[in-house]
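Structural characterization, general
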Amino acid sequence: MIEIKNIHKEFDGKVVLDGVDGCFQKGKINMVIGGSGTGKSVLLKCMIGILKPEQGKVLYDGRDFVTASNDTIKSIRREMGVLFQGGALFDSKTVLENVRFPLDILTQQSLEEKNERALICLQRVGLEAAASQMPSDISGGMKKRVGIARAIVMNPKYLFCDEPNSGLDPLTAVKIDLLIQEITKEFNITTVVISHDMNSVLRMGEYVIFLKEGKKLWEGSNKTLMSTEVPALQEFLSTKLH
Ligand SMILES: Nc1ncnc2c1ncn2[C@@H]1O[C@H](COP(=O)(O)OP(=O)(O)OP(=O)(O)O)[C@@H](O)[C@H]1O
């Protein structure tokens, strides 16, 4: 479980996150939604330690990431998998080398062990046949799958996905959502997904927080989302679902 408490973040006096709370459960797809510029990516960056909030706590199963010692930060980082927007693959590495990369920098395993683990993860996303291909030779959907394989290669407890569907056609988007859902359940991961895609939110958002201008204005499940009485969320939904 990840709990965020009273997160504040500002840049040059401009408040971007204003006291955001949330509780992201294990084995569930937790989603952060909201319009453009409302602080979703900044929240994700505060959660994974790319940015430091001025105030607030990010508790990983009770361990506060914001004030943790370097050793605790390192061990929590090893428990995180991140699927970056666009996949963020290294163009000069093969698919297998991309998936193996976290093992190369974070473990002392032999090359054989690392390749074996990377191949298992590639199999899990249905891409073992593409192991020796270069990222430039595979489709956008395949790149996302490689990104997912890389994100799970360290057996994470926590998985973060930033706009996993961006740039994908609707059918491929559904397949990527399904894969993220299956992996979350199969390995009992606390998964946090930032999304613009309402189809995706309605399909899989077991816990959803809605941000507007850096504040959390609503939280609930995909089942209760459409009956919200929060005007800002109603307005957001009306622009997304015509
Ligand atoms: N490093 C930074 N320095 C200054 N301002 C920043 C920085 N990062 C983000 N911001 C500002 O914080 C606000 C929130 O940005 P953020 O990227 O979190 O929005 P978002 O909700 O993810 O939007 P989108 O859906 O368009 O990606 C924006 O006004 C943005 O300009």
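Everything in this summary refers to the structure shown in the same document. (Residues numbered from 1 in each chain as written. Predicted model: local features only at pLDDT ≥ 70, side-chain atom pairs only at ≥ 80, totals over all residues. Heavy atoms only, no water.)

Near the ligand you find Phe-11, Lys-14, Val-16, Gly-35, Ser-36, Gly-37, Thr-38, Gly-39, Lys-40, Ser-41, Val-42 and His-196, and these make up its full shell. A distance of 2.7 Å separates an oxygen atom of the ligand from a polar side-chain atom of Lys-14. Between the ligand and Ser-41, the relevant distance is 2.8 Å, taken from an oxygen atom to a side-chain nitrogen or oxygen of the residue. Ranked by residues supplied to the shell around the ligand, first place goes to helix H1 (residues 40–48) with 3 residues. Looking at the shell around the ligand, its residues break down into 3 nonpolar, 7 polar and 2 charged. (Near = heavy atom within 4 Å. Polar contact = N/O pair within 3.5 Å; in protein donor to acceptor, adjacent residues only side chain to side chain. Helix = DSSP H or I, 4+ residues; strand = E, 2+ residues; numbered from the N terminus. Nonpolar A, V, L, I, M, F, W, Y, C, P; charged D, E, K, R; others polar.)

The next point concerns the sheet that holds strand S2 (residues 14–24). Here 4 strands make up an open sheet; going across it, the order is S2-S1-S4-S5 and the pairing antiparallel. Each having just a single partner strand, S2 and strand S5 (63–64) make up the two edges of the open sheet. Here strand S4 (residues 55–60) pairs with S5 via 2 bridges, running antiparallel. Of the residues in S5, the one forming a bridge with Leu-59 is Asp-64. Along the sheet, H1 makes contact with strand S1 (2–11), S2 and S4, crossing S1 at roughly 115 degrees. (Pairing = 2+ DSSP bridges. Contact = heavy atoms within 4.5 Å. Axes fitted to C-alpha atoms, helices over the stretch in contact; angles between N-to-C directions.)

This brings us to the pairing of S1. The pairing of S1 with S2 spans 8 bridges and is antiparallel. The partner of Ile-4 across the bridge, within S2, is Gly-22. Here S1 hands over to S2 after 2 residues, with Asp-12 in that stretch at a positive phi of 45 degrees. The pairing of S1 with S4 spans 5 bridges and is antiparallel. Counted as the bridge partner of His-8 is Gln-55 from S4.

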